[in-house]
Amino acid sequence: MQELSGSQDGFGGDLRFGETGPGAGLRGADKICATIAEKSMPGAGAKGWRAFLSAVDGGDGKQVDAIDRIGEGPWYDRLGRLVANNKEELLNDRPIAADPAIIDDLPNEDGVPNHQPDPSQPEVDNHDILTGTNAEGKLYSPTATCKDWTSAEGDRDTEGRPRVGHSWPRSFGFPGGTTGTGGPGGTTGTGFPGGTTGTGGPGGVGGDFNMANWMSSLDESGCAPGVHLVEMGPPQLDVPTVGSGGGYGGIYCFALTP
C-alpha cells in the first residue's frame, strides 16, 4: 500500500487510485487489488479482483455490501491454502475450515504472515484492515467508509470513522471482545490478508467491539493516511488515521476466478 500510494503513510481512506466519478473508491480499490496481485504473480492481475469493502453508494445510488462483491468461493491464499469454501464458512469471526497455518495470522499477497512477517523478528501491530462492514458482511453504517473510500482528510465530523476487521485476533480487554481462531488470507488462486456483531455507528474509542472478527472488529480513529506497526493499544482519537490502532490501511482482496 505504501509503494502504490507513493507515500510512507499509505492511501488512508482514499482508495480511488486514479479512478474518477461515481463509485471511484470501489473501482480504485479493485484496481489496487489487481495491481498487487500482478506484482506478486505475473498474470494473476487478470483474475478479476474485488476489494472486500462496503459502500453507501456504489456509483448507481445503491448500497454495496462487501459480501456480495466477492463471488461464491472457494477462496485460497497466495500459496494455495484454504480460506473458506463458501460464504457460510466465511461469515464467522474466523472463517470455518481455514487452513490452520493462516487461520490466526492472515498472510499478505505473497503468502507471508501478516502478524509476524519475519519469524526472526518480533511480531508487529498491524491487524486493522479497512472494510466498512459489519459481521454479516454488509455496510456497517453510513459513516464507516471514508465517504465511500474517496476521502483521507482525517476530519471525523465530515468523514466519520472507518470500520475495520482484524487480520489476526486481538484483545485489549474491551467490552464485547472475544477470543477467536482465524481469518482469510487472499482468495481464489492468489490472495491477500484478510471479532461478534457490530451494526451501529461510530461511538467512543473503537465503537462496537469484537476483537476476533476478521471483517468487523472496531472503528478506527479516522480516515487520514497513517502507518503504525508498533504496539500502541486501541485507536487513538488524537491520531485520526487508518493505522492509529495498529495497521497500514490494508484491504482484503478476493479473486473471482481460480
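Caption draft 1: View of the overall build of the protein chain. On a plain count of helices and strands, the protein chain comes out with 5 helices and 8 strands. Secondary structure of the protein chain in N-to-C order comes out as α-α-β-β-β-α-β-α-α-β-β-β-β. Going through the 258 residues of the protein chain one by one, you find that 55% of them count as buried. Counting every atom, the protein chain has about 9,700 Å² of accessible surface; 51% of that belongs to carbon and sulfur.

Caption draft 2: Layout of the nonpolar core. Within the largest apolar cluster, 45 residues are counted, with the highest numbers of intra-cluster contacts made by L15, F52, L53, L90 and I251. Mapped onto this core, the elements with two or more residues apiece are α2 (24-40), β1 (49-51), β3 (82-84), β4 (128-130), α4 (146-149), β7 (247-251) and β8 (253-255). With 7 residues, the single largest contributor to this core is α2. Discounting chain neighbours no more than four positions away, the residues touching F52 are A66, I67, I70, L130, T131, T133, G137, W214, M215, Y252 and F254.

Caption draft 3: Seen up close, α2. Under the 1.5 Å per step criterion, the end-to-end length of α2 is 24 Å for 17 residues, consistent within 8% with the ideal 24 Å. Across the 17 residues that make up α2, a large majority, 12, are buried. Along α2, the residues classified as buried are A24, G25, L26, G28, A29, D30, I32, C33, A34, I36, A37 and S40. Looking at the buried positions of α2, the neighbouring elements they touch are α1 (2-5), β1, α4, β7 and β8.

Caption draft 4: Focus on unusual backbone geometry. G73 connects to P74 through a cis peptide bond whose omega is 0°. For P74, the location among the structural elements is in the loop between β1 and β2 (75-76). Of note, the phi angle at D148 is positive, near 55°, even though the residue is not glycine. Its location among the elements puts D148 in helix α4.

Caption draft 5: Representation of the pattern of salt bridges within the structure. Counted according to the given criterion, the structure contains 8 salt bridges. When the shortest N-O distance is used, the salt bridge between K31 and E19 registers 3.1 Å. A residue pair is termed long-range when its members are at least 10 positions apart, and K31 in helix α2 and E19 in the loop between α1 and α2 qualify at 12 residues. Here K87 makes a salt bridge to E72, at a shortest N to O gap of 3.3 Å.

Caption draft 6: A look at the sheet that holds strand β5 (residues 163-166). Strand order in the open sheet formed by 4 strands is β6-β5-β4-β7, and the pairing between neighbours is mixed. Because the sheet does not close on itself, it has two edges, and the strands there are β6 (218-219) and β7. Pairing geometry for β4 and β7, over 3 bridges, is parallel. Its bridge partner being in β7, I129 is matched across the sheet by G250.

Caption draft 7: Molecular detail of the state of the cysteines. In the structure shown here, the tally under the stated rule is 2 disulfides. C33 shares a disulfide with C253; S-S distance 2.0 Å. A torsion of -75° about the S-S bond marks the disulfide between C33 and C253 as left-handed. Residue classification places C33 among the buried positions, given a relative accessible area of 0%. For C253, a relative accessible area of 1% gives the class buried. Disulfide partner of C146: C223, at an S-S distance of 2.1 Å. Taking the sign of the torsion about the S-S bond as the criterion, the disulfide between C146 and C223, at about -95°, is left-handed.

Conventions and cut-offs
Residues numbered from 1 in each chain as written. Predicted model: local features only at pLDDT ≥ 70, side-chain atom pairs only at ≥ 80, totals over all residues. Heavy atoms only, no water. Helix = DSSP H or I, 4+ residues; strand = E, 2+ residues; numbered from the N terminus. Buried < 20%, exposed > 50% of the residue type's maximum accessible area, 1.4 Å probe, protein only. Areas by Shrake-Rupley, 256 points an atom, 1.4 Å probe, with all protein chains shown as cover. Core = buried A, V, L, I, M, F, W, Y, C linked by side-chain atoms within 4.5 Å. Contact = heavy atoms within 4.5 Å. Expected span 1.5 Å × (residues − 1). Salt bridge = Lys/Arg side-chain N within 4 Å of Asp/Glu carboxyl O. Pairing = 2+ DSSP bridges. Disulfide = S-S within 2.5 Å.

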